[in-house]
Amino acid sequence: MSPTPQSPDWPENAPAPLEERALQELLELDEDGRGVALTRLAKRLGVRVSVLIRLYTQMSDARIGDAVGPGWVRLQVDEAGQWRAFATDTARRPT
């Protein structure tokens, strides 16, 4: 049985279930490195785009308070206001 977020064996820096699903979905859809529209990811995950922006910002290398994120995701918004997420090499490396 694998550890769950509530168990004492759960790593402190491990992603929460929604974060884990969001990262897995991004890794699956961004195989070619061209990024994935957040609207597509939001629909597949059943959450709002704004939720993904927050999640993926936390997974990026952005500094939030005193903490720097792990650098797993890069976000980009184009001139039309369309958001895309890209899985970084850090996210693709096996741990």
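Residues numbered from 1 in each chain as written. Predicted model: local features only at pLDDT ≥ 70, side-chain atom pairs only at ≥ 80, totals over all residues. Heavy atoms only, no water.

### Some words on helix α2 (residues 38-45)
And step 1. Residues of α2 that are buried include every one of Leu38, Leu41, Ala42 and Leu45, and no others. Burial along α2 is one-sided: seen end-on, the buried residues are contained in an arc of 100°.
And step 2. Summarising the contacts, the buried residues of α2 are in contact with α1 (17-29), β1 (36-37), α3 (49-59), β4 (73-77) and β5 (83-87).
And step 3. Count one or two residues on from α2 and you reach Gly46, which has phi positive near 75°. (Buried < 20%, exposed > 50% of the residue type's maximum accessible area, 1.4 Å probe, protein only. Helix = DSSP H or I, 4+ residues; strand = E, 2+ residues; numbered from the N terminus. Arc of directions from axis to C-beta. Contact = heavy atoms within 4.5 Å.)

### Side note on the packing of aromatic side chains
And step 1. One pass over the full model with this rule turns up 0 aromatic pairs.
And step 2. The ring of Phe86 carries the charged tip of Arg74 above its face, separated from the ring centre by 4.0 Å. (Phe/Tyr/Trp six-rings, centres within 6.5 Å; stacked < 30°, edge-to-face > 60°. Lys NZ or Arg CZ within 6 Å of the ring centre and 35° of its normal.)

### Topic: the pairing of β5
And step 1. Inspection of the sheet shows β1 paired to β5 by 2 bridges, in the antiparallel sense. Directly across from Val36, in β5, lies its bridge partner Ala85.
And step 2. Sheet analysis places β4 next to β5, joined by 5 bridges and oriented antiparallel. In the strand pairing of β5, Val73 is matched with Ala87.
And step 3. Adjacent in sequence and paired antiparallel, β4 and β5 are bridged by 5 residues, among which Gly81 carries a positive phi angle near 85°. (Pairing = 2+ DSSP bridges.)

### Here we look at the sheet that holds β1
And step 1. One open sheet accounts for 3 strands, arranged β1-β5-β4; its pairing is antiparallel. Edge positions in the open sheet fall to β1 and β4, since each of these has one partner strand only.
And step 2. Sheet strands touched by α3: β4 and β5. Its angle to β4, the strand with the most contacts, is close to 130°. (Axes fitted to C-alpha atoms, helices over the stretch in contact; angles between N-to-C directions.)

### A look at the confidence of the model for the chain
And step 1. Chain-level pLDDT for the chain is 84 on average; 81% of the residues reach the 70-or-more range.
And step 2. Within the chain, strand β2 (residues 63-64) has the poorest average pLDDT of any element, 86, and β1 the best, 96.
And step 3. The low-confidence segment residues 1-7 (pLDDT under 50) makes 5 contacts with residues lying over four places distant or belonging to another chain. (pLDDT = per-residue confidence, 0-100.)

### Description of the side chain of Asp30
And step 1. Here Asp30 shows up in the loop between α1 and β1.
And step 2. For Asp30, a relative accessible area of 0% translates into the label buried.
And step 3. Engagement of the side chain of Asp30 in a polar contact is seen with the backbone nitrogen of Gly35, the distance being 2.7 Å.
And step 4. Residues contacting Asp30, with those up to four places away along its chain left out, are Gly35, Val36, Ala85, Phe86, Ala87 and Arg92. (Polar contact = N/O pair within 3.5 Å; in protein donor to acceptor, adjacent residues only side chain to side chain.)

### A closer look at the environment of Thr57
And step 1. Looking at where Thr57 falls in the secondary structure, it is placed in helix α3.
And step 2. Look at Thr57 and you get partly exposed, because its relative accessible area is 26%.
And step 3. Once the C-alpha coordinates of Thr57 and Gly69 are considered, the two residues, 12 residues apart in sequence, prove to be 7.9 Å apart.
And step 4. The residues contacting Thr57, other than those within four sequence positions of it, are Leu52, Ala62, Ile64 and Leu75.

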